Amino acid sequence: MEDFSGYPIHAPIDYSFAAPNSLLSFLSVDSTALENQIDELSTFSDTPAPSVTRILYTEKDVLARRCALLLVFTLCGLILRYHKENACFHGIDWGMGICKLQYIKNLMGLSGLSVREDAVGNIFGRWDGYEPDLAPVATGSHIDAIPYSGKYDGVVGVLGAIEAINVLKRSGFKPKRSLEVVLFTSEEPTRFGISCLGSRLLAGSEALAEALKTTVDAQNISFLEAARSAGYAKEQDDISSVFLKEGSYSAFLELHIEQGPILEAEGLSIGIVTAIAAPASLKVDFEGNGGHAGAVLMPNRNDAGLAAAELALDVEKHVLGSGSIDTVGTVGILELHPGAINSIPSKSHVEIDTRDIDEKRRNDVIEKIHQSATTIASRRRVRLSEFKIVNQDPPALSDKSVIEAMEATLKELNLTHKMMISRAYHDSLFMARVSPMGMLFIPCYKGYSHKPEEYASSHNIGNGVKVLALTLAKLSLK
Ligand code: GLV
Ligand code: MN
Ligand code: MN
């Protein structure tokens with residue numbers, strides 16, 4: 001337990017009048033519980049530890065969100081009753097770790113939040129303020145994890161947000177505006193190819209709501225079928241019901257690991273995000289004649305695989321050619337058909353991720369990639385059967401008033417920080433369209449992310465939660 005004040009954690013002090021400044025001495029993060037929760041949540045994975053793979057609407061994703069089989073609960077209930085004397089009813093740490101099979105919604109419930117879900121499974125846990133008609137302050141992130149990734153990306157911003165609420169509750173603070181924790185559905189594009197699916201919809205993307213009616217995954221399972229199997233998108237549900245109304249939140253603040261090396265290298269506690277880089281993703285398909293790897297002579301080939309390989313190299317060339325260190329491009333998916341060693345690829349599929357803090361420079365790169373795809377196709381006599389821009393999002397700027405609230409908090413807590421841009425995208429990119437937005441980074445080991453070695457120390461997470469809690473408190477009183 002990290003106790004910042006020396007006060008007992010559950011001190012029965014009544015100071016509901018407390019302004020955030022006087023809260024300072026009462027803030028205590030239960031870092032042990034939080035660390036245990038992060039570890040427990042990482043076990044909801046389709047790949048072995050230390051890697052984490054949690055894909056939208058799969059069994060592991062569903063279990064991570066909410067209560068598992070009724071049967072398991074009944075069993076746990078019986079065991080709990082039996083161990084009543086010893087059971088410590090705190091988060092998942094009860095029943096001596098017997099009941100692992102429930103998660104985020106359960107934790108929200110244990111923190112006294114009223115929980116609701118929308119048609120795509122964005123989950124909201126609300127702590128009512130004493131002026132519940134004012135627009136709430138929201139915080140949150142995601143818990144889905146790309147294949148073979150780590151256990152902190154997104155998770156710190158969801159479990160950390162629930163702990164921030166616990167911190168404020170333990171301190172005796174009473175919010176004026178309600179505080180709402182949001183778990184966003186599918187920040188990662190793994191299953192349906194679209195990033196920030198939940199927050200994009202919350203921000204009112206008509207195009208996405210329409211596209212989801214016909215979107216399928218790599219196994220040809222439709223989005224709607226997958227969502228229904230997870231208990232969402234019921235027959236009567238309209239996807240556009242997810243859209244947030246203007247002014248739904250007075251502010252949105254996301255806590256996240258940096259996913260870069262700067263804070264650790266500079267020995268700083270916190271990064272205040274000023275802007276989020278503009279992401280885009282592309283899908284490209286080439287088609288050739290294929291044929292026998294021995295019998296078709298080299299001059300007679302039109303190899304779709306080599307067209308894809310050449311395009312991948314051109315992506316690198318155009319990105320480097322932008323002349324800015326801020327331009328990045330990645331070919332993370334390259335598939336060949338039929339995928340046999342002795343068959344010339346007759347089809348290839350390439351997925352390209354490119355980003356920049358400067359939207360125009362990023363768009364110029366996309367245009368050059370398009371020109372390359374066309375030129376390569378004609379030179380190699382393959383067909384460019386698809387060149388699709390899946391998303392081409394502008395950057396987002398953090399809101400001045402949210403930044404100022406964070407800066408004031410950091411001063412009060414005497415924590416070092418720097419202003420920085422986020423090169424990764426986050427649900428905040430879309431929340432910025434419907435609410436004043438801010439983001440808060442904590443250092444992570446060597447900047448590792450999207451791989452199993454991802455790590456953030458309990459101390460740094462504790463600092464992040466403390467800053468989040470106090471900033472939420474400030475924003476709630478505005
Ligand atoms: C988020 O996961 C990103 O790819 O930036
Ligand atoms: Mn990620
Ligand atoms: Mn993330």
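Remember, predicted model here, so these are calculated numbers, not experimental data. (Residues numbered from 1 in each chain as written. Chains lettered and ligands numbered in written order. Predicted model: local features only at pLDDT ≥ 70, side-chain atom pairs only at ≥ 80, totals over all residues.)

(A) Geometry of the overall build of the protein. Looking only at helices and strands, the protein features 15 helices and 19 strands. The burial tally for the protein puts 45% of its 478 residues in the buried class. Residue pairs in contact within the protein that sit at least 24 positions apart in sequence constitute 78% of those at least 6 positions apart. (Helix = DSSP H or I, 4+ residues; strand = E, 2+ residues; numbered from the N terminus. Buried ≥ 20, exposed ≤ 12 C-beta atoms within 10 Å, placed from the backbone. Contact = placed C-beta atoms within 7 Å.)

(B) Structural view of the sheet that holds strand E13 (residues 328-337). In space, the 4 strands of this open sheet follow the order E13-E15-E11-E16, with antiparallel pairing throughout. Edge positions in the sheet fall to E13 and strand E16 (383-392), since each of these pairs with one other strand and no more. Ignoring which end each strand starts from, the neighbouring axes of this sheet average 15° apart. As judged from the 9 bridges shared by E13 and strand E15 (residues 347-356), these two strands associate in the antiparallel manner. Residue pairing for E15: His-337 is matched across the bridge by Lys-347. (Pairing = 2+ DSSP bridges. Axes fitted to C-alpha atoms, helices over the stretch in contact; angles between N-to-C directions.)

(C) View of the packing of helix H6 (residues 155-171) against helix H15 (residues 458-477). Two elements in contact, H6 and H15, have axes separated by 8 Å at closest approach and are oriented at 60°. Considered as vectors, H6 and H15 are oriented oblique to each other. Pair H6 / H15 crosses with right-handed handedness. Touching Val-156, Gly-160, Ala-161, Glu-163, Ala-164, Val-167 and Leu-168 of H6 are Ile-461, Gly-464, Val-465, Leu-468, Ala-469, Leu-472 and Ala-473, all from H15. Of the residues belonging to the contact of H6 with H15, the class tally is 11 nonpolar, 2 polar and 1 charged. (Parallel < 35°, antiparallel > 145°, perpendicular 65-115°, else oblique. Left-handed = near helix turned anticlockwise from the far one by under 90°. Nonpolar A, V, L, I, M, F, W, Y, C, P; charged D, E, K, R; others polar.)

(D) Region of the structure containing the confidence of the model for the protein. Mean pLDDT over the protein: 90, with 88% of residues reaching 70 or higher. Contacts for the low-pLDDT stretch residues 1-18, under 50 throughout, to residues beyond four places or in other chains number 31 contacts. Residue range residues 68-75 is modelled with pLDDT below 50. Its contacts to residues more than four positions away, or to other chains, number 5 contacts. (pLDDT = per-residue confidence, 0-100.)

(E) Looking closely at helix H12 (residues 359-379). Taking 1.5 Å as the rise per residue, H12 with 21 residues should run 30 Å; its terminal C-alpha atoms sit 30 Å apart, in good agreement. Three or more residues of H12 are buried, namely Arg-362, Val-365, Ile-369, Ala-373, Ile-376 and Ala-377. All buried residues of H12 lie within an arc of 105° about the axis, which places them on one face of the element. Opposite the buried face of H12, at more than 90 degrees from it, the exposed residues are Lys-360, Glu-367, Gln-371, Thr-374, Ser-378 and Arg-379. Turning to H12, the residues buried within the fold contact strand E11 (278-287), helix H11 (304-321), E13, E15 and E16. Downstream of H12 by a residue or two, Arg-381 has a phi angle that is positive, lying close to 55°. (Expected span 1.5 Å × (residues − 1). Arc of directions from axis to C-beta.)

(F) Broad picture of H11. Under the 1.5 Å per step criterion, the end-to-end length of H11 is 25 Å for 18 residues, consistent within 8% with the ideal 26 Å. Listed in full, the buried residues belonging to H11 are Ala-304, Gly-305, Ala-307, Ala-308, Leu-311, Asp-314, Val-315, His-318 and Val-319. Packing partners of the buried residues in H11 comprise E11, E13, E15 and H12. In the segment just after H11, Gly-323 is the residue with positive phi, at about 80°.

(G) Representation of the environment of Val-315 in the model. Secondary-structure assignment places Val-315 in helix H11. Judged by C-beta crowding, with 23 C-beta atoms within 10 Å, Val-315 ranks as buried. For the pair Val-315 and Ser-372, spaced 57 residues apart in sequence, the C-alpha to C-alpha distance is 8.6 Å. Once residues within four sequence positions are removed from consideration, Val-315 is found in contact with Gly-329, Val-331, Ile-352 and Ile-369.

(H) Local environment of the environment of Met-437. Its place among the elements puts Met-437 in strand E19 (residues 437-442). Along the sequence, Met-437 and Leu-397 sit 40 residues apart, while their C-alpha atoms lie 7.8 Å from each other. In contact with Met-437, not counting residues within four places along its chain, are Phe-252, Ala-396, Ser-398, Asp-399, Val-402, Ser-428, Met-431 and Ala-432.

(I) Fine view of the packing of helix H13 (residues 400-413) against H15. Contact pair H13 / H15: the axes reach a minimum separation of 9 Å and the direction vectors enclose 125°. Taken together, the axes of H13 and H15 lie oblique to each other. Crossing hand, H13 versus H15: right-handed. Side by side, H13 and H15 meet where Ala-405, Met-406, Ala-408, Thr-409, Leu-410, Glu-412 and Leu-413 of the first sit next to Lys-466, Val-467, Leu-470, Thr-471, Lys-474 and Leu-475 of the second. Classifying every residue of the contact of H13 with H15 gives 8 nonpolar, 2 polar and 3 charged.

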